[in-house]
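Below are the chains, spelled out letter by letter.
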Amino acid sequence: SDSHCSLEAPRQELRPMVLPRRPTACKPRRAAKLRMGCEDTPGYAHLPQFDECLWVGNQYSAAVASFDTVISTITPLDLQGAESPALTTFGIPFEDMHGAETEDAERFARRSIVRGAAAVAQALASRRRTLVHCEWGQNRSGSICCAYAVLYLGWDANKAIAYMRRRNKADRRYEDQNPMSNKCFNGIMRSLALERGPAKDSCAAAPTAHQSCRQAACKGGSVGSAAKGRVHVAGLKRKHVSR
């Protein structure tokens, strides 16, 4: 008897099997949900107008590509999501309270941002491929990079913040994307610019001119052809991500 092959009652006649239909072009699928900014990979943005050797990223970015110097505000994660402190060159931990910082927290953040900017300047002076990262790659790491531009390159604070926002949105796409949204940190950038005084030279006054003044190749030159297991991305060796 063939009754065991049918899902109908035994006494009913067998019916032809109907295969599920594949989606057609006229029925668009729902767009996949974006990852959060602390999860997307490669998770970094390039900041060539600050310096050709400077990137800013999230907690995974240090594990995705090969950087010479990694400045961390939190412990970076490896590609499996485990903490990997060995990826850090300079640790400068401080909190992002999204603009609700207390006076003490603001003072500590300011000291940390200035220390981070100094670490960036030291690394870039040696033409080292440099990553600054936090959890999302939005506020803490972005503020350190902007502070570097303000203090060492003579950028206007508002222009540095606007440039950081543009580069984040150009190179990354993630859920709740809102770079440089901490009003307290942005206020620190503006106060640093006031204390610094006017731009010292034409390079600092105009970012496009600045490119021709300092944008020498990163140490080691271009990466060249991709090696097995890595892909050439914007002068970096990007590791394949299995996440």
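For the structure, check the block above.
Residues numbered from 1 in each chain as written. Predicted model: local features only at pLDDT ≥ 70, side-chain atom pairs only at ≥ 80, totals over all residues. Heavy atoms only, no water.

**Brief notes about helix α5 (residues 183-196)**
Taking 1.5 Å of rise per residue, the 14 residues of α5 would be expected to cover 20 Å, and the 20 Å separating its terminal C-alpha atoms lies within 8% of that figure. Restricting attention to buried positions, one finds in α5 the residues C184, F185, N186, I188, M189, L192 and A193. Tucked into the core, α5 has its buried residues touching α2 (103-125), α3 (140-153) and α4 (157-171). In this structure N182 caps α5, since a side-chain oxygen of it lies 2.9 Å from the backbone nitrogen of C184. A positive backbone phi angle near 90° is found at G197, which sits one or two residues after α5. (Helix = DSSP H or I, 4+ residues; strand = E, 2+ residues; numbered from the N terminus. Expected span 1.5 Å × (residues − 1). Buried < 20%, exposed > 50% of the residue type's maximum accessible area, 1.4 Å probe, protein only. Contact = heavy atoms within 4.5 Å. Polar contact = N/O pair within 3.5 Å; in protein donor to acceptor, adjacent residues only side chain to side chain.)

**Remarks on the pairing of strand β5 (residues 130-133)**
Covered by surrounding structure in β5 are T130 and V132 together with L131 and H133, the residues of both alternating faces. Note that strand β3 (residues 69-72) and β5 share four bridges and pair parallel. The residue of β5 that forms the bridge with T69 is T130. (Pairing = 2+ DSSP bridges.)

**A few points about the packing of aromatic side chains**
Counted according to the given criterion, the structure contains eight aromatic pairs. In textbook terms, an aromatic cluster arises when at least three aromatic residues are bridged by ring pairs, as seen for Y44, W55 and F67. (Phe/Tyr/Trp six-rings, centres within 6.5 Å; stacked < 30°, edge-to-face > 60°.)

**Let's talk about the sheet that holds β3**
Here we have five strands laid out as an open sheet, ordered β1-β2-β5-β3-β4, and mixed in their pairing. The open sheet is flanked by β1 (44-46) and β4 (90-91), the only strands paired with a single partner. Sheet strands in contact with α2 are β2 (54-57), β3, β4 and β5, and its direction is about 175° off that of β3. Lying on the sheet, α4 is in contact with β1 and β2; it crosses β1 at an angle near 120°. (Axes fitted to C-alpha atoms, helices over the stretch in contact; angles between N-to-C directions.)

**A word on the side chain of Q138**
With respect to the secondary-structure elements, Q138 resides in the loop between β5 and α3. We classify Q138 as buried; its relative accessible area is 8%. A distance of 2.6 Å separates the side chain of Q138 from the backbone nitrogen of N178, its partner in a polar contact. With residues up to four places along the chain from it excluded, the contact list for Q138 reads M164, Y174, D176, Q177, N178, P179 and M180.

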